[in-house]
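Coordinate analysis (summary)
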Amino acid sequence: MMPKKIAFGKNAAQEFEYPKKSLIITTTTPEIYNKWIDYMGIKDYELYDKATPDPAIETIEQIKKEFEGKDISAYIGLGGGSSMDLCKYLSKQTGIPKILIPTTFGTGAEMTTYAVISFEHKKKLLQDEAFLADAAIVDPYFLPGTPFNIMRNSACDAAAQASEGYDSKLGNPFTKLFCKEAFEILEDAIINDKPDLLPYGAMLSGIGFGNSSTTLGHALSYVFSNEGVPHGYSLSSCTTVAHKFNESIFYERFKKICQKLKFEPLILKQPLEEAADVIMPDRGHLDNNPREVTKDDIIKCLDEIVNSNPLA
Ligand SMILES: [Zn+2]
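Right, let's walk through the structure included here. Just so it is clear, the structure is predicted and the values come from calculations on it, not from any experiment.

The rules behind each value
- Residues numbered from 1 in each chain as written.
- Predicted model: local features only at pLDDT ≥ 70, side-chain atom pairs only at ≥ 80, totals over all residues.
- Heavy atoms only, no water.
- Buried < 20%, exposed > 50% of the residue type's maximum accessible area, 1.4 Å probe, protein only.
- Helix = DSSP H or I, 4+ residues; strand = E, 2+ residues; numbered from the N terminus.
- Pairing = 2+ DSSP bridges.
- Right-handed = clockwise from strand over helix to strand, strands pointing away.
- Phe/Tyr/Trp six-rings, centres within 6.5 Å; stacked < 30°, edge-to-face > 60°.
- Lys NZ or Arg CZ within 6 Å of the ring centre and 35° of its normal.
- Core = buried A, V, L, I, M, F, W, Y, C linked by side-chain atoms within 4.5 Å.
- Contact = heavy atoms within 4.5 Å.
- Patch = residues over 30% accessible without salt bridge, like charges linked within 9 Å, V, L, I, M, F, W, Y side chains within 5 Å.
- Areas by Shrake-Rupley, 256 points an atom, 1.4 Å probe, with all protein chains shown as cover.
- Salt bridge = Lys/Arg side-chain N within 4 Å of Asp/Glu carboxyl O.
- Donors = N, O, S within 2.8 Å, 3.2 Å for Na, K, Ca; no water.
- Tetrahedral: all angles 85-135°; square planar, octahedral: opposite > 155°, others 65-115°.
- Arc of directions from axis to C-beta.
- Axes fitted to C-alpha atoms, helices over the stretch in contact; angles between N-to-C directions.
- Parallel < 35°, antiparallel > 145°, perpendicular 65-115°, else oblique.
- Left-handed = near helix turned anticlockwise from the far one by under 90°.
- Nonpolar A, V, L, I, M, F, W, Y, C, P; charged D, E, K, R; others polar.

**Some words on the pairing of strand β4 (residues 74-79)**
- The buried fraction of β4 amounts to six of the six residues, a majority that puts the element mostly inside the structure.
- The pairing of strand β2 (residues 22-26) with β4 spans five bridges and is classified as parallel. Across the sheet, Leu 23 pairs through a bridge with Tyr 75, a residue of β4.
- Bridge analysis of β4 against strand β5 (residues 98-102) gives five bridges, and the strand direction is parallel. Paired with Tyr 75 across the strands is Lys 98, a residue of β5.
- As a crossover connection, the stretch from β4 through helix α4 (residues 81-94) into β5 is right-handed.

Pasting the structure below:
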C-alpha cells in the first residue's frame, strides 16, 4: 500500500495544485510556516498552528470543533510527524482527504498506514488503511535550517527503518527492493555529506518498512524513549546491536552511519531485567524479527547497549 499520489523532488510542493479551503495543520511558528505557505502558493486556506509533539486525542476533538461548518475540503499536514498524525486520524474520522508534506524527513510517515496518537497520556501506535495519504509531497526545499540534532536523529531513524524493514519476516521482494534502495541512498547522503538526498531516501524507506514493519531494533529502543531519549538517537545503539544479533547484512554499514553521525552511548536508568519485561510483550516488532528472541537475548542485547559501546 502507498499513497494515491506521490510528488517528489525540488519544487514539488510549489508545483502541486492544492484544493481550495484546505485546513493546514502545522507545529511550527508563524515566521517559519508563513514562508512555507508563500512558497507553496496556497491562498484560500484555514490554519491550525497549535499542534504539539505527541498529539493527543483531545487535540483531534478540538480541531474538529474549531473548524466545524467551515466546509474544509482537505487537510494539509505540514511539518514533522505530529502534524501528519493529526491529519491521518482526522481524515479517518471525517472522511476528508489529506495531503501530507514532511519537513523534517526521517519517519517516512507520509508514506505509511501508521499513526501515533496519545490516549490518556499514553502513546499508541495505530495502523489503518484509512491513514494512507491521498497525496504525499516530498520536497527538499524544507530541509535547510533543520537543526543538526533533528536532522541526524531523522536520518538514523530512516536508515534503521530501511534496514530492519529489509530483514523483517513480513518482507517480500517488493518491500526489499524499496528498503535496500532507501538504505543505499541514505548511506550515500550521510557518509558523503549529501543532505539533499535524505528526503528521497526517507520516502523510499517509508514505502518499504511501511509494508513490512520494523523489528528488534525498534522493540529495544522504546524503553529508552520512555526515559526521554529521542527516537532516532535511541536507534543508533539499539538497531546496531539488533543487526549484530540477527547477523544482518546491514550491521557494519549501519554502525558506520551511526559513527559518522557521532552518536553517544545510551544510558538506561531502569534495571535491565525490568526493561526486558517491558519489551517482551511487543509482539508487533518481535514476531517479525528474522531470529526468534527470548527474554535472555533481550537482556544480553540491553547489556551490550549500555555496558559496552556498540558504536566503538
Ligand atoms: Zn522509527
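What follows continues from the structure just given.
**Considerations on the packing of aromatic side chains**
- If you walk through the whole model with that rule in mind, you get 14 aromatic pairs.
- The ring centre of Tyr 166 lies 4.6 Å from the NZ or CZ of Lys 176, which sits over that ring.

**Focus on the nonpolar core**
- Ranked by size, the top nonpolar core spans 97 residues in total, and within it Tyr 18, Ile 25, Met 40 and Leu 220 carry the most contacts.
- For this core, the element with the most residues is helix α6 (residues 173-191), which contributes eight residues.
- Ignoring sequence-local partners within four residues, the contact set of Ile 25 consists of Tyr 48, Ala 51, Ile 63, Tyr 75, Ile 76, Gly 77, Leu 78, Ser 83, Leu 86, Cys 87 and Leu 90.

**Side note on a nonpolar patch on the surface**
- Nonpolar side chains collect at one region of the surface, where Met 2, Phe 174 and Leu 177 lie side by side and expose about 290 Å² of accessible area between them.
- Among the secondary structure elements, Met 2 is positioned in the segment before β1 (5-8).

**What about the coordination of the zinc ion?**
- Here the zinc ion is held by Asp 157 (OD), Gln 161 (OE1), His 218 (NE2) and His 231 (NE2), and the distances to it run 2.2 to 2.4 Å.
- For the zinc ion, the four donor atoms in the first shell make angles of 81 to 151 degrees at the metal, so the coordination geometry reads as irregular.
- Every donor residue of the zinc ion comes from the same chain, spaced as D-x3-Q-x56-H-x12-H. Of this pair, Asp 157 sits in helix α5 (residues 148-167) while His 218 sits in helix α8 (residues 216-225), and the two are 61 residues apart along the sequence.

**Thoughts on the side chain of Asn 153**
- Within the secondary structure, Asn 153 is located in helix α5.
- Once residues within four sequence positions are removed from consideration, Asn 153 is found in contact with Pro 230, Gly 232, Tyr 233 and Phe 263.

**Section: the pattern of salt bridges**
- Enumeration over the complete set of coordinates arrives at 15 salt bridges.
- Linking Lys 180 and Glu 184 is a salt bridge whose minimum nitrogen-to-oxygen distance equals 3.8 Å. On the criterion of helical spacing, the pair formed by Lys 180 and Glu 184 is a turn pair, its members being four residues apart in helix α6.
- Among the ionic pairs, Lys 244 bridges to Glu 304, the shortest N-O distance being 2.7 Å. Remark: Glu 304 occurs in helix α13 (residues 295-307) and Lys 244 occurs in helix α9 (residues 231-246); sequence separation between them is 60 residues.
- Sharing partners across several salt bridges, the network here consists of Lys 180, Glu 184, Glu 187 and Arg 253.

**Some details on helix α2 (residues 30-40)**
- Taken residue by residue, α2 has Tyr 33, Trp 36, Ile 37, Tyr 39 and Met 40 as its buried positions. End-on, the buried residues of α2 take up no more than an arc of 160 degrees, which puts them together on one face. Pointing more than 90 degrees away from the buried face of α2 are the exposed residues Glu 31, Lys 35 and Asp 38.

**Overview of unusual backbone geometry**
- A positive phi is found at Asn 11, a non-glycine position, where the angle reads about 70 degrees.
- Of note, Asn 11 is situated in the loop between β1 and α1 (12-15).
- Judged by its relative accessible area of 32%, Asn 11 falls in the partly exposed class.
- Even without a glycine there, the phi angle at Asp 193 is positive, about 50 degrees.
- Take Asp 193: its relative accessible area is 55%, and that puts it in the exposed class.

**Examining the packing of α5 against α6**
- Two elements in contact, α5 and α6, have axes whose closest approach is 8 Å; the angle formed by their N-to-C orientations is 150 degrees. Judged by the angle between their axes, α5 and α6 are roughly antiparallel. By crossing handedness, the relation of α5 to α6 is classed as left-handed. Packed against α5, whose contacting residues are Ala 155, Ala 158, Ala 159, Ala 162, Ser 163, Gly 165 and Tyr 166, the element α6 presents Lys 176, Cys 179, Lys 180, Ala 182, Phe 183, Leu 186 and Ile 190 at the interface.
- Split by residue class, the contact of α5 with α6 holds 10 nonpolar, two polar and two charged.

Take it as geometry only, folks, not as evidence of what the structure does.
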